[in-house]
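Letter by letter, the chains look like this.
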Amino acid sequence: MNNIDELERHLDLLNEVLNSDNESDANEDELYERRIEVRRRMVPFYRQRADIFDLFDDNQIYKVFRFDKASIWYIEGLISNKLGRKLFGRRCLLPIEQILVSLQFYANGTFQSTVGNVLKISHPSVSRCVRDVSNALCEISSDHIFFPANLLEIQRGFTEIANLRGVVGSVDGTHIRIARPHHDEEIYVNRKGYHSINVKGICDAECNFLSVSASKPGSSHDSNVFADSVIGRAFKNNEFGQSYFLGDSGYACTPFLLTPYSQPEGRAEERFNTAHKNTRNTIERIFGTVKRRFHCLHGEIRLQPGRTCRVIMACCVLHNIARKRNQPDFDEGVEEGEVFEIRMPPENNDVNENVNQEKLRLRREGFAKRQRITLNQFTY
């Protein structure tokens, strides 16, 4: 029986009860029983929701949600206590239903999802599910994205790649396209001419996120995003000793973030650049992996910046959970979106002289440290 036939049947029952109310000599007990019967047979739509796990096989579950069934239940166990809704009615979604709807949004970036239709959830309800699940994942982000107390294991992993010792992370940034913001639009326009969030990520040799900063507008420079982050300030205060990160030429070379030689001279500097490239490549791979698994990060997120930042962080948390749960990478290709180049206003170079002096000092120390590493590890 389809929904139209069921609705017509319910209407017929209601008309029958209403007509019975007009009969003055009707038995009140009989009318009461008939009303109870009508209410019993008119099952609310939210009690007819299907079980997604019964409709999809294992391959479909992974393709739609990017996780297997056991991992989805694992995620539910992590955040279910944060997804309860204080409603007086009985229509509130179960935590697992909110998670399924949100996972499909992360996977394809659209609110009008198949899961939402199957579960008979409206567009606004899907949006609220994404909001609540993203907030819940952000609350547990420190449990899944962090630097371990012992950095030796991280250093050992990077050393095995290209024999570059002392590295505790690979750092880079990526731009996540967003819809046009309602406020402060100009600061979200990046150098390629579209609105975005500048996301800074640091990862280990196993492609796990160690740190993620997803709160800066697209106009922010990568080096400034790193310098303003908690990890950047910690390294500047020498809290990590002689350890250092690897970054591309978009960053300034400092004692705690080494960049490649722009114009290598001699075999030793060329070897350093080759080792640097092979070791730093992990952060590029991790961003590609995350965007393939969660396609919402590759397209345009049609949310305002605050909610977009939480969606980005939620996807990074889910990536680390996927690595922990040994979930295979999602290899479905993605197409590059169209990029519009526009002329950006000139940067303001009027900065405090003391800040300039500090930057020059750090650069000199960074060049000296890079040279020492080149001589000690790549001269043979």
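Further up the page is the structure itself.
Criteria and thresholds
- Residues numbered from 1 in each chain as written.
- Predicted model: local features only at pLDDT ≥ 70, side-chain atom pairs only at ≥ 80, totals over all residues.
- Heavy atoms only, no water.
- Helix = DSSP H or I, 4+ residues; strand = E, 2+ residues; numbered from the N terminus.
- Buried < 20%, exposed > 50% of the residue type's maximum accessible area, 1.4 Å probe, protein only.
- Contact = heavy atoms within 4.5 Å.
- Pairing = 2+ DSSP bridges.
- Salt bridge = Lys/Arg side-chain N within 4 Å of Asp/Glu carboxyl O.
- Expected span 1.5 Å × (residues − 1).
- Phe/Tyr/Trp six-rings, centres within 6.5 Å; stacked < 30°, edge-to-face > 60°.
- 1 Å grid on protein atoms, 1.4 Å probe; cavity = no way out; pocket = protein on both sides within 12 Å on 5 of 7 lines; lining within 4 Å.
- Points joined across faces, edges and corners; volume = space filled by probe spheres on them.
- Nonpolar A, V, L, I, M, F, W, Y, C, P; charged D, E, K, R; others polar.
- Axes fitted to C-alpha atoms, helices over the stretch in contact; angles between N-to-C directions.
- Arc of directions from axis to C-beta.
- Polar contact = N/O pair within 3.5 Å; in protein donor to acceptor, adjacent residues only side chain to side chain.

Right, let's talk about the side chain of Ser 102 for a bit. On the secondary structure map, Ser 102 appears in helix α6 (residues 95-108). On the basis of relative accessible area, Ser 102 is assigned to the buried category, the value being 0%. Excluding residues that lie within four positions of it along the chain, Ser 102 makes contacts with Cys 129, Val 130 and Val 133.

This part takes up the pairing of strand β2 (residues 196-203). Summarising burial for β2: eight of the eight residues are buried, a large majority. Burial along β2 is two-sided: Ser 196, Asn 198, Lys 200 and Ile 202 facing one way and Ile 197, Val 199, Gly 201 and Cys 203 facing the other are all buried. Where strand β1 (residues 167-177) meets β2, eight bridges bridge the pair, whose relative direction is antiparallel. If you follow Thr 174 over to β2, its bridge partner there is Val 199. Bridge count between β2 and strand β3 (residues 209-217): six bridges; the pairing is antiparallel. Within β3, the residue paired with Ile 197 across the bridge is Pro 217. Where β2 folds back onto β3 in an antiparallel hairpin, the turn is made up of five residues, including Cys 207, whose phi is positive at roughly 65°.

Enumeration according to the criterion identifies 11 salt bridges in this entry. Arg 156 serves as the salt-bridge partner of Glu 153, at 2.6 Å between the closest nitrogen and oxygen. Separated by three residues within a single helix, Glu 153 and Arg 156 lie in helix α10 (residues 152-162), roughly one turn from each other. Judged by relative accessible area, which is 41%, Arg 156 ranks as partly exposed. Between Arg 361 and Glu 358 there is a salt bridge, with its nearest N and O atoms 2.6 Å apart. Residue Arg 361 and its partner Glu 358 are both found in helix α15 (residues 353-378); the two are separated by three residues, about one turn of the helix. What makes Glu 358 partly exposed here is its relative accessible area of 27%.

With respect to the secondary-structure elements, Asn 238 resides in the loop between α12 (230-236) and β4 (244-246). Along the backbone, Asn 238 and Pro 255 are 17 residues apart, and their C-alpha atoms lie at a distance of 9.6 Å.

Our focus in this paragraph is helix α14 (residues 305-324). The first and last C-alpha atoms of α14 sit 29 Å apart over 20 residues, in line with the 28 Å expected at 1.5 Å per residue. Note on α14: the residue one or two positions beyond its end, Asn 326, has a positive phi of about 60°.

Right, let's talk about the packing of aromatic side chains for a bit. If you walk through the whole model with that rule in mind, you get 17 aromatic pairs. Look at Phe 67 and Phe 294: their rings are 6.5 Å apart centre to centre, the planes differ by 35°, and that puts the pair in the tilted class. With Phe 67 in the loop between α4 (58-65) and α5 (69-79) and Phe 294 in the loop between α13 (267-293) and α14, this residue pair connects regions lying 227 residues apart in the sequence. Here Phe 67 matches Phe 294 in class, with each residue buried. Considering the side-chain rings of Phe 147 and Phe 245, the 6.1 Å spacing of their centres and the 45° angle between planes classify their relative orientation as tilted. Here Phe 147 is found in the loop between α9 (141-144) and α10, whereas its partner Phe 245 is found in strand β4, with 98 residues between them in sequence.

Once that is clear, we can look at the layout of surface pockets. Approximately 320 Å³ is the volume attributed to the second largest pocket. Lining the second largest pocket are 18 residues; nearest its centre among them are Pro 148, Asp 204, Glu 206, Asn 208 and Leu 210. Mapped by element, the contributors of at least two residues to the lining of the second largest pocket are α9, α10, β3 and α14. When residues in the lining of the second largest pocket are grouped by element, the largest group, five residues, is from α10. Residue composition of the lining of the second largest pocket, grouped by class: seven nonpolar, four polar and seven charged.

Right, let's get into the sheet that holds β1. What the five strands build is an open sheet, ordered β3-β2-β1-β4-β5; its pairing is mixed. The strands lining the two open edges of the sheet, one partner per strand, are β3 and β5 (257-258). Where α10 meets the sheet, it contacts β1, β2 and β3, and its direction lies at approximately 80° from that of β1. Its contacts with the sheet put α14 on β1, β2 and β3, and the angle it makes with β3 is roughly 170°.

Taken together, the buried positions of α4 are Ile 61, Tyr 62 and Phe 65. Projected onto a plane normal to the axis of α4, the buried residues spread over an arc of 95° and lie on a single side. Opposite its buried face, α4 presents the exposed residues Asn 59 and Lys 63, each directed more than 90 degrees away. At the N-terminal end of α4, a side-chain oxygen is found 3.2 Å from the backbone nitrogen of Asn 59, two or three residues along, and the residue is Asp 57. Two residues or fewer past α4, Arg 66 is found with a positive phi of approximately 70°.

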